[in-house]
Amino acid sequence: MWLMADGEDRCPETPGQVPSHAGLGYTRCAPLAVLQEDPAARKRWLELLTQCREPARYSQAYRRWKESFQGPDTLCFIVRAESRVLVGHGTSSATGVGLTLHHTWGVPVLPGSALKGLTAHYVQTVYGPEPGIEDPEREPFRGTTWEFSRPSRAPGRVFRRLFGSPDVDELSEKGSQGEVVFHDALWVPAEMGSGPMLARDVLTVHQRAYYESGGREWPVDFDDPNPVSFLTVAPGNRFLVVLEARGERALLERAGRYVREALESWGLGGKTAAGYGRLVSETPSLQSSRILETPALMELKTWLEEQKARNVGQRQQFQQVEQQWAKRLLALSMPERHEAIRLFRKFLNLKRGDEQQRFEELLTRLRA
Amino acid sequence: MSMEIRPYLLHALSPLHAGTGQSVGIIDLPIARLRATNIPFVPGSSLKGVLREARRSLPPAEWEALFGPLREVSGAAGDEAREGDHAGALVVGDARLVALPVRSFLGTFAWVSSPLLLELARRDLAGLDGLPGRMKRLPATGARVGAGSITVSPKQRRLLLEDLDLDAQVEPAVDAWARFLSRTWPEEEEGLRERFAVVDDETMSFLLETATQVETRVRIDPDTGTVVQGALWQEESLPAETLLVGVLAAGRSLRRGTELSATEVLERALKGTALLQLGGKATVGRGRCRLAAWPGVSREARP
């Protein structure tokens, strides 16, 4: 660690220069005052690091990376951070809160190991069986059972194919490698006028003595608040998620769906309980997982549900759609119209005749 | 018998973990290094296995001629002479580090090499057109950079790597090396030239120890959401953008009934070779590498 005295610069010729590698700046050199817990120095230093910008020729390296993935064995999509992202806060830095950045380029990155770990955890919790309950339908999604540091029960069939399995014992199947590769999700180079890569963040500990003593001292109202500032990845940054599986398109798409779901609903990295790490897929997926909730759409949905509850015939329902809704829906915005199409597909099932044709025509007009 | 030799450049697109599998040090999973010099490398056996898998689409006879027949029992136990046994025609050498990307206060990172690394590379690259001459040892701690380097400070010409400050001088040989290495990678010539630097051997051996990528990984208990007791480990890798150099060589096919010249063997081994996955931790995206042979062929007669 390079410790800089008050007013000293790492590069004295260019005072106040922003390090061109944010990760190097954050982990290898810091003003001495930061270690001495001077909040003003800490703020100045972190503000300086948030000014880090895209390195020269990074966009070339990114393009090279992106173009190296082609063909049916790979699945790429871009995710956008809806909130701050904090991966690797346990690693060392002068602030005591770390941040994982790309080692060579110093830009934010979502490590492949984090993506894989999150997805595995998501799949076994959401799709797998409840602990202690045998459910044949959910059995394929069971995760590996561990007892301390030893695996004690092999995972289910689907889980094993997605994430692999360790050797358990002589009775069960041998260990195997997961069929899906979770690559590091590289940071997508910023467009003109887009926001910063990194942002300063603050967490305020109110009962420091209580936490530090492990509960031996009582938390009381007159403890001083203790702001701790650190760096996080700013919201709005985008990442290229790349998955790869040789000759297994269906498995690959399934994995892609799980990654999307997990990133959106659970979030990646640390402090997800406080809303950190939510990333939303920008490439429209096969089933749009985000549901629009505008007044017009809500009304349409309620109306369709009512019709269904009252057992109105499909043909009759469609005639009412044509009379009451068609004009109104055509005046809506594009995303709303897409959502309306989704709703119609869900609720209306016209099997033959004139109505079916008119229904398809209406959907085409909505899509145009 | 005449051997045909084709040196190649291995360029890591993601971190490369060619590990040893165990250690007694702080890092639980360190990378493989050459014993005498501590230079990181990818063993030829590792690369040959990957090439063997990547060439599964070849006709079986040719595949066997290139890589040799597979033993029925692996290891020493299967080492028995069999009818029609032959050696593979392809020889795969170790890929040795030639330039390590080291984080830099200016210019983000520098591709750092040293006279020793370049001298060892020169052995592998001997006979190629335009190979730069011997790089003189640096008399003291310091660095040499090319004319247009973006990693040195504007006035005092200092190279600020990790937590090391080095005085840098411009030397044309550095540019020559960057140009030579980028012949396998023409579109990146400018990028390599402005970041290529040569430091003295002592500084390099310090950087080989301290400037690799070390990640801390954990296993999280799905029931508690916290790290499992004891499931925290550190993993070392060569960072993305690392450059390594090695040699592929070939003789004619030794398989009975399969006639292939040395040139044909190399052609088949390298056909469409661009992207390979090397080393460990493949399913979390480690070891994605680009392999490119130098254009032009050198011949060597073996006594």
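In case you missed it, the structure is sitting above this.
None of these values were measured; they are calculated from a predicted model.

## Some words on the pairing of strand β7 (residues 158-161) of chain B
Residue and element names in this part refer to chain B.
Okay, step 1: Sheet analysis places β7 next to strand β8 (residues 164-170), joined by four bridges and oriented antiparallel. Counterpart to R158 in the pairing with β8 is D167.
Okay, step 2: Between β7 and β8, which pair antiparallel one after the other, the connecting turn spans two residues, and E162 there sits at a positive phi close to 35°.

## Let's talk about the nonpolar core
Okay, step 1: Within the largest apolar cluster, 89 residues are counted, with the highest numbers of intra-cluster contacts made by A:L243, A:L279, B:W177, B:L181, B:F196 and B:L243.
Okay, step 2: A per-element tally of this core places helix α8 (residues 249-265) of chain A first, with seven residues.
Okay, step 3: For A:L243, the contacting residues outside a window of four places in its chain are A:D73, A:T74, A:L75, A:V180, A:V181, A:F182, A:L252, A:A255, A:G256 and A:V259.

## A look at the environment of B:R179
Residue and element names in this part refer to chain B.
Okay, step 1: Of note, R179 is situated in helix α4 (residues 172-181).
Okay, step 2: In the structure, R179 is positioned 49 residues away from G130 in sequence and 9.5 Å away in space, judged by C-alpha atoms.
Okay, step 3: With residues up to four places along the chain from it excluded, the contact list for R179 reads E189 and R193.

## Observations concerning the state of the cysteines
Okay, step 1: In this structure the tally under the stated criterion is zero disulfides over all chains.
Okay, step 2: Looking at A:C76, it has no disulfide partner, and the nearest cysteine sulfur is the one in B:C289, 18 Å off.
Okay, step 3: Under the relative-accessibility criterion, A:C76 is labelled partly exposed at 34%.

## Digging into unusual backbone geometry
All names here are of chain B.
Okay, step 1: For E162, which is not glycine, the phi dihedral falls at a positive 35°.
Okay, step 2: For E162, the location among the structural elements is in the loop between β7 and β8.
Okay, step 3: Look at K281: it is not a glycine, yet its phi comes out positive at around 60°.
Okay, step 4: As for its placement among the helices and strands, K281 is situated in the loop between β13 (275-277) and β14 (288-293).
Okay, step 5: Of the residues examined, K281 reaches a relative accessible area of 31% and is grouped as partly exposed.

## Details of the environment of B:V102
Residue and element names in this part refer to chain B.
Okay, step 1: Take V102: it is sitting in strand β4 (residues 95-103).
Okay, step 2: Under the relative-accessibility criterion, V102 is labelled buried at 0%.
Okay, step 3: Note: C-alpha distance between V102 and A211 (109 residues apart in sequence) is 6.2 Å.
Okay, step 4: Those residues within four positions of V102 in sequence are excluded, and the remaining contacts are T108, F109, A110, V112, L161, E162, L207 and A211.

## Re the pattern of salt bridges
Okay, step 1: In the structure shown here, the tally under the stated rule is 44 salt bridges over all chains.
Okay, step 2: The residue A:R28 makes a salt bridge to B:E162 at a minimum N-O spacing of 2.7 Å. Within this pair, whereas A:R28 is found in the loop between α1 (22-27) and β2 (29-31), its partner B:E162 is found in the loop between β7 and β8, the two belonging to separate chains.
Okay, step 3: Taking the relative accessible area as the measure of exposure, A:R28 reaches 22% and is therefore partly exposed.
Okay, step 4: Overall, the relative accessible area of 2% leaves B:E162 in the buried class.

## Focus on the interface of chain B and chain A
Okay, step 1: If you look at the interface, chain B gives 49 residues, while chain A gives 44 residues.
Okay, step 2: With both chains or domains summed, chain B and chain A bury close to 4,100 Å², and 53% of this area falls on carbon and sulfur atoms.
Okay, step 3: Counting across the chain B and chain A interface gives eight salt bridges.
Okay, step 4: For A:R64, the salt bridge is made with B:E241, and the minimal N-O distance between the two is 3.5 Å.
Okay, step 5: On inspection of chain B and its partner chain A, the count reaches 25 residue pairs in polar contact (both at pLDDT 80 or more).
Okay, step 6: The set of elements that each furnish at least two residues to the side of chain B that touches chain A consists of β4, β7, β8, α5 (189-193) and β10 (213-220) of chain B.

About the criteria used
Residues numbered from 1 in each chain as written. Chains lettered and ligands numbered in written order. Predicted model: local features only at pLDDT ≥ 70, side-chain atom pairs only at ≥ 80, totals over all residues. Heavy atoms only, no water. Pairing = 2+ DSSP bridges. Helix = DSSP H or I, 4+ residues; strand = E, 2+ residues; numbered from the N terminus. Core = buried A, V, L, I, M, F, W, Y, C linked by side-chain atoms within 4.5 Å. Buried < 20%, exposed > 50% of the residue type's maximum accessible area, 1.4 Å probe, protein only. Contact = heavy atoms within 4.5 Å. Disulfide = S-S within 2.5 Å. Salt bridge = Lys/Arg side-chain N within 4 Å of Asp/Glu carboxyl O. Buried area = accessible area lost by both parts, 1.4 Å probe. Polar contact = N/O pair within 3.5 Å; in protein donor to acceptor, adjacent residues only side chain to side chain.

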